[in-house]
Amino acid sequence: MQTIRKLCLKYREMISYLIVGGLTTVVSLGVYYGCVLTFCDPGIAWELQAANILSWIAAVTFAYFTNRRYVFQSRSEKKWKEAAKFYVSRAATLLMDMACMFLMVTAAGINDKIAKLIVQVIVTVANYVLSKFLVFGKK
């Protein structure tokens, strides 16, 4: 039991990030699937991207507050600067997300729901690296 506790303390940030990342993914996928199952047709390229952008906005807003508080435990007084860096870094991974979705769904014909799951894994790793080293300044 002591070993598990030590491991949890040692890897607290990564464990917290995975939990928050999982919840962020649920928010993103929930909004995305809600859009494509109600008012967006993923067969129409711009509607696919509109659903993607709406899911991004919801997920990033959720992610900023939860990462700031629970993962990186930021105490920065410069909240607006930190938030701006967070949104810019997430905008970069949004472009990555959109490019991957275009290549996988529109160009390669992969099912959009399967492609979205694959892309989420790629984007989650990129987001962790950017948040840790760029946004919240953890070395």
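The structure displayed is predicted, hence computed values, not measured ones.

What follows concerns the overall build of the chain. Scanning the chain from terminus to terminus reveals 5 helices and 0 strands. Of the regular secondary structure in the chain, the N- to C-terminal order runs α-α-α-α-α. At a minimum sequence separation of 6, the contacts of the chain that also span at least 24 residues come to 67%. A total accessible area of about 8300 Å² is found for the chain, and carbon and sulfur atoms account for 72% of it.

With a phi close to 45°, Q73 is a non-glycine residue in the positive phi region. Along the chain, the position of Q73 falls in the loop between α3 (45–71) and α4 (79–107). For Q73, a relative accessible area of 39% translates into the label partly exposed.

Moving on, we get to the packing of helix α2 (residues 12–38) against helix α5 (residues 112–135). Where α2 meets α5, the closest approach of the two axes is 10 Å, and the angle between their N-to-C directions is 140°. For the element pair α2 / α5, the angle class is oblique. When the axes of α2 and α5 are compared, the crossing they make is right-handed. The segment α2 lies against α5, with E13, M14, Y17, T25, S28, L29, Y32, Y33 and V36 engaging D112, K113, K116, L117, Q120, T124, N127, Y128 and K132.

Turning our eyes to something else, we now look at the packing of α3 against α4. The N-to-C vectors of α3 and α4 enclose an angle of 145°; their axes lie 10 Å apart at closest approach. The handedness of the crossing between α3 and α4 comes out as right-handed. Of the residues contributing to the contact of α3 with α4, the split by class is 15 nonpolar, 5 polar and 5 charged.

All told, the structure shown has 4 salt bridges when counted by the stated rule. For R68, the salt bridge identified is with E82, shortest N-O distance 2.5 Å. Pair noted here: R68 is in helix α3 and E82 is in helix α4, with a separation of 14 residues, a long-range link. Summarising the burial analysis for this pair, R68 and E82 share the class buried. In this structure, the salt-bridge partner of K116 is D97, at a minimum N-O distance of 3.4 Å. With K116 in helix α5 and D97 in helix α4, this pair connects stretches of sequence that are 19 residues apart.

What follows concerns α5. Within α5 the residues assigned to the buried category are D112, A115, K116, V119, Q120, V123, A126, N127, Y128, S131, K132 and V135. Each element contacted by the buried residues of α5 is listed here: α2, α3 and α4. If you check the start of α5, you find a side-chain oxygen 2.8 Å away from the backbone N of K113, and it comes from N111. Just past α5, the residue G137 takes up positive phi, approximately 65°.

In this section: the confidence of the model for the chain. Summarising the model, the chain shows a mean pLDDT of 90, and 99% of its residues fall at 70 or more. Taking the mean pLDDT of every element in the chain, the minimum, 82, falls on helix α1 (residues 2–10) and the maximum, 93, on α4.

So, on to the nonpolar core. Y17, Y64, V71, F72, F86 and F136 are the most contacted members of the largest nonpolar core, which has 14 residues in total. At the level of elements, α2, α3, α4 and α5 are the ones that each hand at least two residues to this core. When near neighbours in sequence (up to four residues on either side) are disregarded, Y64 contacts K79, E82, A83, F86, Y87 and F136. Of all hydrophobic cores here, the second largest spans 12 residues; its members include C35, V36, V105 and V119.

The rules behind the values
- Residues numbered from 1 in each chain as written.
- Predicted model: local features only at pLDDT ≥ 70, side-chain atom pairs only at ≥ 80, totals over all residues.
- Heavy atoms only, no water.
- Helix = DSSP H or I, 4+ residues; strand = E, 2+ residues; numbered from the N terminus.
- Contact = heavy atoms within 4.5 Å.
- Areas by Shrake-Rupley, 256 points an atom, 1.4 Å probe, with all protein chains shown as cover.
- Buried < 20%, exposed > 50% of the residue type's maximum accessible area, 1.4 Å probe, protein only.
- Axes fitted to C-alpha atoms, helices over the stretch in contact; angles between N-to-C directions.
- Parallel < 35°, antiparallel > 145°, perpendicular 65-115°, else oblique.
- Left-handed = near helix turned anticlockwise from the far one by under 90°.
- Nonpolar A, V, L, I, M, F, W, Y, C, P; charged D, E, K, R; others polar.
- Salt bridge = Lys/Arg side-chain N within 4 Å of Asp/Glu carboxyl O.
- Polar contact = N/O pair within 3.5 Å; in protein donor to acceptor, adjacent residues only side chain to side chain.
- pLDDT = per-residue confidence, 0-100.
- Core = buried A, V, L, I, M, F, W, Y, C linked by side-chain atoms within 4.5 Å.

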